[in-house]
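Chain by chain, the residues run as shown.
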Amino acid sequence: MQNTANNSTDSIWTGMVTVEDTALAVTDTGGSGIPVIYLNGQFATQGYWNRVVEDLGPGFRHITFDERARGKKSKESADYSFEACVRDVDAVLAARGVDRVLVVGWSYGAFVAAHWTSRNPDRAIGAVLVDGAQPHDWLDDAMEQQIRKLFKRIGWFAPLLRPTGLTPRLNAGQMADCNIELGKVARKSNLGPVLDKITVPTRYVVASGTSFGSKGDEQELIRASLDAVIVRNPNIEISAKVASNHDAILKKDFRAVADAARGITATSDVA
């Protein structure tokens, strides 16, 4: 097996990684296995990946982290933009001495994973995109207003859950801004060219049904956008479409995510 890490450790490391004006809580299981970095949902935490990490096991080196102002420990920042999240991937990998890596992202994290993979063809072993990074024009003026109303409604109780790490330390306006920016990132004219540039094995694991804030068949229409992506880029495939919905996929169908990761590494030059 090719050693893709510059700084392999033999034991689990947990600590804070300083990035720009903030610091991120990071966990690195260490070892000489193929490094995997996991990128969270927009307001999720690294704990969401526990089942996937356990299923893949010690043959991989697992790196998880909480984004800015997420979880119990990651610090606040003046920048919660999508580009900041992409930069954070580089910062965490540099801090842990990792060069080449398999990138696994869920929801918002799948968009970050797609961008990072597209920009780093020599450093990405491959990518697993879990029910995200689907190019679709779902954001319009009406949707933007709906998003702002939604986060304003939940804004009153979100601070009560912050000590548990279940909600981010962002106010309602900041959370809405993040979601609206994602709608712009997801537009076919923006995301399509990013996916077309990917040159490493990339596998989608696609959920079924709805997600928080969606209605009817909205999510299925978004997922259907992958058909054109796959036609244009032979490096991209759908590994599995699972029964669970968007919000439960890492809990109920974690094996499908782990299997997609194994499939990439079994056929890549690190196997």
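A short tour of the structure in this document, coming up. Computed from a predicted structure; not experimentally measured.

With that settled, consider the environment of V104. In this structure, V104 sits in strand 5 (residues 101-106). Expressed as a C-alpha distance, the spacing of V104 and V257, which sit 153 residues apart in the sequence, is 8.5 Å. Not counting the four nearest positions on each side in its chain, V104 is found in contact with V36, I37, Y38, L39, W49, V128, V130 and V257.

Moving on to the sheet that holds strand 4 (residues 60-65). On the basis of which strands lie adjacent, the open sheet formed by 8 strands has the order 1-2-4-3-5-6-7-8 and mixed pairing. The two strands at the open ends of the sheet, each matched to only one other strand, are strand 1 (13-19) and strand 8 (236-241). Across the sheet, the axes of successive neighbouring strands diverge by a mean angle of 25 degrees, strand direction being ignored. Pairing geometry for strand 2 (residues 22-28) and strand 4, over 3 bridges, is antiparallel. The partner of D28 across the bridge, within strand 4, is I63.

Relative to each other, helix 3 (residues 108-119) and helix 6 (residues 172-185) sit at 45 degrees, their axes nearing to 11 Å. The angle between the axes of helix 3 and helix 6 places the two elements in the oblique class. In terms of crossing hand, the pair formed by helix 3 and helix 6 is left-handed. Residues Y108, F111 and H115 of helix 3 pack against C178, L182 and V185 of helix 6.

What counts and how
- Residues numbered from 1 in each chain as written.
- Predicted model: local features only at pLDDT ≥ 70, side-chain atom pairs only at ≥ 80, totals over all residues.
- Heavy atoms only, no water.
- Helix = DSSP H or I, 4+ residues; strand = E, 2+ residues; numbered from the N terminus.
- Contact = heavy atoms within 4.5 Å.
- Pairing = 2+ DSSP bridges.
- Axes fitted to C-alpha atoms, helices over the stretch in contact; angles between N-to-C directions.
- Parallel < 35°, antiparallel > 145°, perpendicular 65-115°, else oblique.
- Left-handed = near helix turned anticlockwise from the far one by under 90°.

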